[in-house]
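If you want the building blocks of each chain, they are given just below.
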Amino acid sequence: MDTSTEGIEQTADGLLPNSPRGFWRSKAFKRFRRNPLAITGTVLVIFYVLVAIFAPQLTYFQLKTIRNTCVRDLGLGIGETHKIVEPWTPVFWRSIVAPPSTCFTIPRASYSAVPTPPSGKLWLGATSGGYDLYYGLVWGTRSAFYVGILVVGFGVLFGALVGAIAGYVGGWVDNAVMRFVDVVLSMPSLVIAIVIVTILGQSLTHVMIAIAAVQWAPYSRILRGDIMSIKERDFIDGARALGARGPRVVLRHILPNSLGPLLVIASLDIGAVVLIAAALSFLGLGAPVGYADWGQMISFARDWIKGPPGQPLAYWFVSAWPGLVIVVFVLGWNLLGDAVRDVLDVRS
Amino acid sequence: MIVLLMQLLSPAERAATFITSPAQLQNINVIIEKYGLDKPWYSQYWRWIDAAFHGNLGYSTVARTTVVNAIATRFPRTMTLALAALFPIVGVGIWLGTAAALNRDKVVDQFTRVLAIVGWSLPTFVLGIWLLVIFYGGLNWFQPGILTTGDSIRLSNLTANGAFHDYTGFLILDSLFNGQFGIFLDFVWHLVLPVITLSAVTSAQIMRVMRSSLLDALGQDYVRTARSKGLSERAVNTKHARRNALIPVLTVSGFTIILLFNGVVITETIFSYPGMGQWFAAAATQLDYASVLGGAVFTAMVVVLANLVVDVLYALVDPRIRYD
């Protein structure tokens, strides 16, 4: 290792430096940068993040042509829709930071009983009922990240709390908590989530609760393991000798040392969480009809597998576009996750 | 735990888990009274466990029969699908993974890598829909369901005439025992697309693990020792390297079996395959609480059994592990 570079300190795994400045010059980052798959994954994920952030601007054309409640709730009058794409107006920023919930409702181009093929106004076509596919997919990206970040965030908070208690207290508490974690992890996540959604009732919030109820378990296991090993280190004894009590030791000395890797692992799970949410929506257990959501967009395709007689593939766009958006998203997260785990892994 | 969550429901909804025939729906208040559904949670929990152990999981409005009956008719179909999916998972996963590791950085390896990344990124519900659009919508080669209309009518006629006996409950075996090769072939044909859908992600994962763990094993000292004592390349690869490489693969299969259950729910729903998963998903959307609970409890049991099988396989692959 190049010890002359300032800011690089030897950490437990010997690869990742402690200071942010050293990170850009570290071996780990260099290896990440030279891996074409890692770069592809990063680019794809950044692309989706940008789509999610700039959803109102990307759907400006749709918002302008099909006047809907979203434009009204942004406080825009007739002929003022253009403010959405003008960065010097407050509406531009409001639509990005806190768009009204009505923006997630897909505007209906028509009330047609069959899907409408792509055309001038409907860039990707529309599903049965006239739901604009392009609008649904762009705003669906936003709701996907919304679900992913909230679920993973809650999972980390709750999992870290449970793991910290189990790891620090030890004894029978640790045993009981970890056996419960084993039970949660041994059940298929989708099955548990379906049971919880069925009992709570069908809505996007309940889908998030159901996934979070499964998602915290692995984090608590990881954090507990970290705490068990850090607990034995000398600096903890030092802190104790200086008079620090249990909670302070955990919060000030143990957590900061083990939270970093956990956060990296957890943020990579956003892709997987989005996929479970989409699967639940696909089965009809998620958001109400017309809510911009990937799972629902592709579940429309189930009714339009076969075209009218003579044109068997007439409705290809209903299954192709939502499917493509989901597959590329999963591909991006998988590539990125793989590369990051490679970098974090000491052995390789 | 699940039953505790049920406390959020009204007594009438909870009564569904105790009902065993549609006739009982008439006097639901009697049932609420009889099973003490307005009593505190611990006595209800005890009652539910008691009933479950006596084989009473309630009445399924989706399947129009008792939950236990629904599981009995549907589980064999799901089991057939899952076992059929093991062939591509083991075949493609282990075989291609081995081929890739032995021919590192050659054409086979590159091809396998691309295949792994593509397969790994195809969510079950997208792949299933796409396969249906292409092979049913476009080409009309494969239909959803388990039999074509003609064959299913023929099957129900044969059953009604007493010419078709239910020996095992597994249609794939019963059709052979009854000498109905047409129905057998039709059933196998209908299995093709669901099996591809169900096994894609898992095969890709097993393939990746197999490749990396075999590469790991090939670099070990014992492989060099085996080579230096003059063993043939084949013996070194299969007996020394691959057997050791299979251990991490088995660990991963423990997780992938659980993932397979997620896949079954979606695959069966897409292909209208009348198994456990389709029933479970339909029950969830139609608020058939008894079926959802019964299905979940049964799935938990199957998961435990599947993990037991993986543990036994561990002992077979790794002689260091002994269960006394």
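Counting restarts for each chain: residues are numbered from 1 in the order of the written sequence. Whichever chain is written first is A, and whichever ligand is written first is 1; the rest continue in order. The predicted origin of the model limits local features to residues at a pLDDT of at least 70 and limits the giving and counting of side-chain atom pairs to 80 or more, whereas totals for whole chains, interfaces and linings rest on all residues.

## A closer look at the overall build of chain A
Numbering of helices and strands runs from the N terminus, with a helix taken as a DSSP run of H or I at least four residues long and a strand as a DSSP run of E at least two residues long. Of the regular secondary structure elements, chain A holds 16 helices and zero strands. Across its three principal axes, chain A shows a C-alpha extent of roughly 75 × 50 × 45 Å. Of all 348 residues assigned to chain A, the portion counted as buried reaches 43%. Note that contacts rest on C-beta atoms placed from the backbone: two residues are in contact if these are within 7 Å. Here the contacts in chain A between residues at least 6 apart in sequence split such that 63% fall between residues at least 24 apart. Counting other C-beta atoms within 10 Å of a residue's C-beta gives its exposure: the residue is buried at 20 or more, exposed at 12 or fewer, and partly exposed in between, where C-beta atoms are placed from the backbone.

## Digging into the overall build of chain B
Within chain B one finds 14 helices and two strands. For chain B, long-range pairs separated by at least 24 residues make up 70% of all intrachain contacts whose partners lie at least 6 apart in sequence.

## Considerations on helix 5 (residues 67-102) of chain B
In a helix, the anticipated span is given by 1.5 Å times the number of residues less one. In a regular helix each residue adds 1.5 Å, so 36 residues correspond to 52 Å; helix 5 of chain B covers 50 Å between its end C-alpha atoms and thus fits that length. The largest bend in helix 5 of chain B is about 35°, located at arginine 74 of chain B, with the proline proline 76 of chain B one to four residues further on. Bend, in this description, refers to the angle at a residue between axes fitted to the seven residues ending there and the seven starting there.

## Some details on the nonpolar core
Ala193, Ile194, Ile211, Ala279 and Ile298 of chain A are the most contacted members of the largest nonpolar core, which has 175 residues in total. The residues contacting isoleucine 298 of chain A, other than those within four sequence positions of it, are Phe282, Ser319, Pro322, Gly323 and Ile326 of chain A together with Phe125, Val126 and Ile129 of chain B. Buried Ala, Val, Leu, Ile, Met, Phe, Trp, Tyr and Cys residues whose C-beta atoms connect them within 7 Å together make up a nonpolar core.

## Quick word on unusual backbone geometry
All names here are of chain B. You will see that aspartate 105, though not glycine, has its phi angle at about 65°, which is positive. Locating aspartate 105 in the fold gives a position in the loop between helix 5 and helix 6 (107-120). For aspartate 105, a count of 9 C-beta atoms within 10 Å puts it in the exposed group. Even without being a glycine, serine 272 presents a positive backbone phi close to 45°. Within the element layout of this structure, serine 272 appears in the loop between helix 12 (233-270) and helix 13 (276-285).

## Here's the deal with the environment of tryptophan 304 of chain A
Along the chain, tryptophan 304 of chain A turns up in the loop between helix 15 (294-300) and helix 16 (316-344). Classification of tryptophan 304 of chain A by C-beta neighbours within 10 Å gives buried; the count is 20.

## Section: the packing of helix 8 (residues 133-169) of chain A against helix 14 (residues 270-282) of chain A
Residue and element names in this part refer to chain A. Think of each axis as a best-fit line through the C-alpha atoms, taken over the contacting stretch in the case of a helix, with angles from 0 to 180 degrees between the N-to-C directions. Contact geometry of helix 8 with helix 14 gives a least axis separation of 8 Å together with a crossing angle of 115°. Like other packed secondary-structure pairs, helix 8 and helix 14 cross with a definite hand, here right-handed. Touching Ala144, Val147, Gly148, Ile149, Val151 and Val152 of helix 8 are Ile270, Val273, Val274 and Ala277, all from helix 14. Gly is placed with the polar residues, together with every amino acid not listed as nonpolar (Ala, Val, Leu, Ile, Met, Phe, Trp, Tyr, Cys and Pro) or charged (Asp, Glu, Lys and Arg). Here the residues of the contact of helix 8 with helix 14 are counted per class, giving nine nonpolar, one polar and no charged. Left-handed describes a crossing in which the near helix is turned anticlockwise from the far one by less than a right angle; the clockwise case is right-handed.

## Digging into the environment of serine 253 of chain B
Along the chain, serine 253 of chain B turns up in helix 12. Its 26 C-beta neighbours within 10 Å are what place serine 253 of chain B among the buried residues.

## Looking at the confidence of the model for chain A
Confidence along chain A averages 81 in pLDDT terms, with 92% of residues attaining 70 or more. The predictor attaches a confidence to each residue, and that confidence, scored 0 to 100, is pLDDT. Residue range residues 1-15 of chain A is modelled with pLDDT below 50. Its contacts to residues more than four positions away, or to other chains, number 18 contacts.

## With respect to helix 13 (residues 246-268) of chain A
Residue and element names in this part refer to chain A. For helix 13, which comprises 23 residues, the first-to-last C-alpha distance of 31 Å matches the rise-based estimate of 33 Å (1.5 Å per residue) to within 8%. Its maximal kink placed at leucine 255, helix 13 deviates by approximately 55°, while the proline proline 256 follows within four residues. Residues Val250, Ile254, Ser258, Leu262 and Ala266 constitute the buried set of helix 13.

## Here's the deal with the confidence of the model for chain B
Residue and element names in this part refer to chain B. On average, chain B scores 77 in pLDDT, and the residues at 70 or more come to 81%. Per-element confidence in chain B is highest for helix 13, whose mean pLDDT is 88, and lowest for helix 1 (residues 2-5), whose mean pLDDT is 46. Within the model, the stretch residues 1-12 combines pLDDT values under 50 with 22 contacts to residues more than four positions away or in other chains. In the model output, the complex is listed with pTM 0.83 alongside ipTM 0.82.

## Observations regarding the packing of helix 13 of chain B against helix 14 (residues 289-317) of chain B
Helix-helix packing: each pair is described by the crossing angle between the helix axes and the interaxial distance. Residue and element names in this part refer to chain B. The contact between helix 13 and helix 14 brings their axes to 8 Å, and the two run at 140°. Considering the angle they form, helix 13 stands oblique to helix 14. Like other packed secondary-structure pairs, helix 13 and helix 14 cross with a definite hand, here left-handed. Together, Met276, Trp279, Phe280, Ala283 and Ala284 of helix 13 and Ser291, Val292 and Gly295 of helix 14 make up the contact between the two elements. Among the residues forming the contact of helix 13 with helix 14, the class breakdown is six nonpolar, two polar and no charged. By definition in this entry, angles of less than 35 degrees are roughly parallel, angles greater than 145 are roughly antiparallel, angles of 65 to 115 are roughly perpendicular, and the rest are oblique.

## Remarks on the environment of arginine 77 of chain B
Residue and element names in this part refer to chain B. Note that arginine 77 resides in helix 5. Residue class for arginine 77 comes out buried when judged on the 24 C-beta atoms lying within 10 Å of it. Put simply, arginine 77 and methionine 276 are 199 residues apart on the chain and 7.8 Å apart in space, counted from C-alpha to C-alpha. Those residues in contact with arginine 77 that sit more than four places away from it in its chain are Ile146, Leu171, Tyr273, Pro274 and Gly275.

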